[in-house]
Amino acid sequence: MNPTALPDPPQTAESESGSSLGRDAWLRLKRNRLAYACLWSLGGILVLCAGGALLSLAGVLPDPNATHLDHILEAPGVRYLLGSDALGRDVFTRILFGGLVSIAVGVVATLVSVLIGVTYGAVAGYVGGRCDAVMMRFVDILYAMPFVILVVVLMALFGMNLFWLFIAIGAVEWLTMARIVRAQVMALKRQEFMEAARSLGLGHAAILFRHLIPNCFGPIIVYTTLTVPSVMRLEAVLSFLGMGVQPPNSSWGCLIKEGADRMTTSAGLLVFPAAAFAITLFCLNFLGDGLRDALDPKGSRD
Amino acid sequence: MPLVRFVLDRLLQSLVVLVGILTLTFILLQLAPGNPFATEKNIPEHIVANMREYYGLNRPPLEQWFRMLGNYFLRFDGGESFTKDGFTVNEIILESLPVSLLVGGAGLLFALGTGVPLGVMAAARRNRGGDYVASSLALIGICLPTFVVAPLAIAFFALDLGWFAPAGWEDRRVDWILPSTVLGLFYMGYIARITRAGMLEALSQDYVRTALAKGLSERRILMVHTLRHGLLPLVSFLGPAVAGILAGSFVVETIFGLPGMGLHTVVAARDRDMPLLMGSVMTYGAMVLVSNFLSDLAQYWMNPRMRGAEADWS
Amino acid sequence: MMMEGKRLLGCLLIALLLGGCERGDYANEAARRGILLLGNGSDPKALDPHLVASVGDSNVMRALFEGLVAYHPEDDTKLEPGVAEHWESNADHTEWTFRLRRNARWSNGDPVTARDFLYSYQRILEPGLASPYASMLYILKGGKEYNEGTLTDFSGVGVRAPDEFTLVCTLALPAAYFPQVVKHTSWLPVHRGTIERFGKMTDRFTRWQRPGNHVSNGAFQLRSWRIHHSVVVDRNPFYWDAEKVRIREIRFFPYDTYTEARAFLGNRLHYTYTLPAELIHQSDGVRADWLHLEPYYGSYFYRFNVERPPFNNPKVRRALALAIDRRAIVTSVTRANQEPAYGFTPPSEGGYVPPNLLRFDPDQARALLVEAGYPGGKDFPGFALIINTSEAHRAIAEAMQDMWRRHLGITSVRIENREWGTFQSQVIKQDYDAARAGWIADYLDPSTFLDLWRKGDSNNNTGWSHPDYDRLLAEAAVQPTDAARFAKLREAESILLTELPVLPLYWYTRTYWLRPEVKNWKPLLLDNHNYKYIRLEP
């Protein structure tokens, strides 16, 4: 989401073109005008949500959770910039706060899934053999289970709070990442620099975390960017099931669900949060595609 | 014969995975709090004890697990539902699966029919206007939650235009059109993006450059030479995705009031209807395994280079 | 919008290709053919009157079965002869004799006899059947003991059949309202031959409830049952009053709230099971002419777990209850003409009226909170309101949360959403701080509400009990007249409303859409419609 989030050039002798790879990718991304615009839009959305939340906490904008039962379902206007909801709460600040929650769920749950997926995949790929086979069968098992039952059971077990929402979503989203990283590590393992590293007497952990994983950064970043929107979607589906963020807090998923129920009577309750959600997902997806193009070594031959 | 070995290997693996699914689901359900016999009114404790005895829930977990294993792998019997008295799991699944298969199948066709052309178009016009238009169109289904698209579609096509029923399933040929289109819209986006990426990759291969250099027209290259290679990632994506789309979507089935599998899965998980949930999970698992297997076979057939390689690329 | 255009184009193409056309008024056409299309909220759990427990299930049961006393089409306080032609009791209302009509038939042609009822009452009380509603028959002498297994000989239970067409019930307590009680689903008869053709008396999972096997004695018989699809019943040719039955077929649909509303707007239903608040008050009133808002004998409230601090302090409970503006909740949140609850039991016209002890009084609430040691909500311990998943419950909880914040300065309230299974088991295990609840009367008498808070009642679940309360309920039961009985009950309810182990919010209304083709669908306090009298006029 931020250019500095691109990988630092790996500091190892093996990744010979490391620094130029990152810079090249960045330049290629900049050339992709749409992806670049999406990057800026995402930054803008984040600043807007965070800034609005701060202003609201400071009392400049209304409290998103304060109900005004004598001012319910009002049209957009001076008192309520984007109207009020069924409990007389300010839709505009609810969208800003909800955006923070949705983005946080997207980013944190993705990080959880990346952490699990990368470690799991790298270990499986590096160790190989029977251990790899067993680990990958476990991934197959999880792959072949409907995600809802995992989430339903996890949420029932640990209660529905934001923390467990992150964990539950992260716990179902790491599978593809594990497969991608494993395949990369297996390919890298056969390359010459591995021999060099081993002959230098480096330990397994050092090889794995200092050399193999950094060399997988490209695919990891691309897949991470694409995981964020799918996690945000998942959060919305959970809101539909009533298992999302707990009230009075809200997320875009919750707001959209509330709005979808009232779309025939107060369209604004659906249109505004849905637009915010759609624009964010749109940008994330395009940014992900742009990053893939930029980081794809084959693409560099263009 | 590598193919025969590959098939046998896969079968064995699938069996292991199915046992794993059963075991994991069983463990999760043992851990989950909640009472399958909870109803509107409170039930006295000794009566709950009776129910638990009736369904064998008072047996040691290991014995329950073992019995379930036997029922599934020897008798193909999911037992009796906890919450739908008088129905067996097999009955419920056999009745609801065809609905999900029909809606999902039509949705998949719609998604492929729109997604692949959009993806190819986007790849052919990479980073130009055509790409942006095609990619944006494809993203509609991803960027808007299904529970927004579905009521909108119903409001317009069913309530305003009156072309379709707003809800329900009467086994007539039109009932599946609206839900399957809504369902397909979501997959369309993924299919278009994966096709685009696959095509870009294929277009950058040396042989395509050679062909281009030889002066073949761009269009023919796209169609003939690269499509088969460019669709490989799509085929591997379809492995798990096909099972997902065919096994039914809770959101779509709730909103359209369809008697499908997706609804059963979520409702069973919510009500702690262990036999029914186990039946749905096992059906889903079997479908994932089958469609993964078909996808692997298709890739094997599509990509000659893979035929010599080991079947170890899960 | 681009999206609209795209969708339009895609669907247009498909629609044109297949010629899918959905014109004409489906519901009107169904009415012409004598088919009643009812939204029913969810699938029936079973089609066995001894195994069902929910309101939706009882709607299906009422079409299929008929009890000794049936539901009156216009007034729930009145009694309508069912299988029993008439009935009488002894002077102190402890022994009731029902005279059965001789022409009542099962849907397979067998006569309905007193023996069928005897068999049915034994079945529902059998511990092995584990019927969720067996406790309704605890009113019979020995019923509780038999169900709990301390009495093993059914002849010790207070019911007998001196001849084929006479049934005598001996009660554990005097109950002048007993004929009201026997209308309930748990008192419906089942056909012995059918039950035992498919299993033992106490087998739950037999196939007798399936189409083709099911035998019932009501105005309708089962034709088909498909989960998440519909239950279809059609006319029972052997029903004793068959010529009075006007509709030919009823279809019950299990649609979710919003799906149901859309189905109704698309002319696919005659009646919706419920109606979301936001559709009630649309500016122009979508289908306002078809909207029905009627009183419903039920109470919406929260339980407090009085064994957990701070709810072990009655002052805290009272402060929380007084800080809720019930009027604002019903006018702005639920918006269906619900009555703000000033007591727990809903008042009934000409009958029981609860003591008026609850109001919105933030000043007194604050004062009580100071007395309880939490001035201005300072240091008030955090607690959770648990609700089962629903937009409506969530909105009410959010409004309460904000009222407590505003009026009492309590900011530590969490709202926790649970799916039904978890929610219910937490309430039963009393593993909660405060939990949302609703109670719809099983029969038309205040005791269906006040019995809940007796010590040890299986629905109490608050940990609260009060010896005086239990004593007053017991005294009420033996009063000779309703007036005297109600006076005792009022006294008991005053204790309940001073102690407030529960926080009453409002008294229910039934809110639904009904198409004008459906005639004779009258407002009923218990909402138990006798389908025999419903007519369809397209």
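This one's a predicted model, so the numbers in the text were calculated from it and none came from an experiment. (Residues numbered from 1 in each chain as written. Chains lettered and ligands numbered in written order. Predicted model: local features only at pLDDT ≥ 70, side-chain atom pairs only at ≥ 80, totals over all residues. Heavy atoms only, no water.)

Focus: the interface of chain B and chain A
How big an interface is tends to be reported as the loss of accessible area on association of its parts. Each partner contributes residues to the interface: chain B has 54 residues there, and chain A has 49 residues. Between chain B and chain A the total buried area reaches about 4500 Å² when both faces are included, carbon and sulfur atoms providing 69% of it. Summed over the shared surface of chain B and chain A, the result is one salt bridge. The residue D289(A) makes a salt bridge to R193(B) at a minimum N-O spacing of 3.6 Å. At the junction of chain B with chain A, the criterion picks out six residue pairs in polar contact (both at pLDDT 80 or more). Going through the elements one at a time, helix 1 (2-31), helix 5 (129-143), helix 6 (146-160), helix 7 (177-203), helix 8 (206-214), helix 11 (250-256), helix 12 (261-271) and helix 13 (274-302) of chain B are the ones with two or more residues in the side of chain B that touches chain A. Among the elements that take part in the side of chain B that touches chain A, helix 1 of chain B stands out by supplying eight residues, more than any other. Per-class residue counts for the side of chain B that touches chain A are 32 nonpolar, 14 polar and eight charged. (Contact = heavy atoms within 4.5 Å. Buried area = accessible area lost by both parts, 1.4 Å probe. Salt bridge = Lys/Arg side-chain N within 4 Å of Asp/Glu carboxyl O. Polar contact = N/O pair within 3.5 Å; in protein donor to acceptor, adjacent residues only side chain to side chain. Helix = DSSP H or I, 4+ residues; strand = E, 2+ residues; numbered from the N terminus. Nonpolar A, V, L, I, M, F, W, Y, C, P; charged D, E, K, R; others polar.)

Observations regarding a positive patch on the surface
Together, R33(C), R235(C), R246(C) and R248(C) make up a region of like positive charge exposed at the surface. Among the residues examined, R235(C) registers a relative accessible area of 33% and is labelled partly exposed. (Patch = residues over 30% accessible without salt bridge, like charges linked within 9 Å, V, L, I, M, F, W, Y side chains within 5 Å. Areas by Shrake-Rupley, 256 points an atom, 1.4 Å probe, with all protein chains shown as cover. Lys, Arg positive; Asp, Glu negative; His and termini not counted. Charge placed at Lys NZ, Arg CZ, Asp CG, Glu CD. Buried < 20%, exposed > 50% of the residue type's maximum accessible area, 1.4 Å probe, protein only.)

Describing the sheet that holds strand 9 (residues 230-235) of chain C
All names here are of chain C. If you walk across this open sheet you meet the four strands as 1-10-9-8, and the pairing is mixed. Both edges of this open sheet fall to strand 1 (35-39) and strand 8 (220-226), since each of them pairs with a single strand only. For this sheet, the mean angle separating the axes of adjacent strands, direction not counted, is 20 degrees. Of the pairings in the sheet, the one linking strand 9 to strand 10 (residues 249-253) comprises four bridges and is antiparallel in character. Within strand 10, the position partnered with V233 by the bridge is I250. (Pairing = 2+ DSSP bridges. Axes fitted to C-alpha atoms, helices over the stretch in contact; angles between N-to-C directions.)

Notes on the confidence of the model for chain A
Summarising the model, chain A shows a mean pLDDT of 82, and 90% of its residues fall at 70 or more. This model gives residues 1-18 of chain A a pLDDT under 50, and the stretch forms 21 contacts once residues within four places in sequence are excluded. (pLDDT = per-residue confidence, 0-100.)

Points about helix 9 (residues 204-212) of chain A
Within helix 9 of chain A, burial applies to A206(A), I207(A), L208(A), H211(A) and L212(A). Contact partners of the buried residues in helix 9 of chain A: helix 3 (91-127), helix 7 (175-189) and helix 8 (192-199) of chain A.

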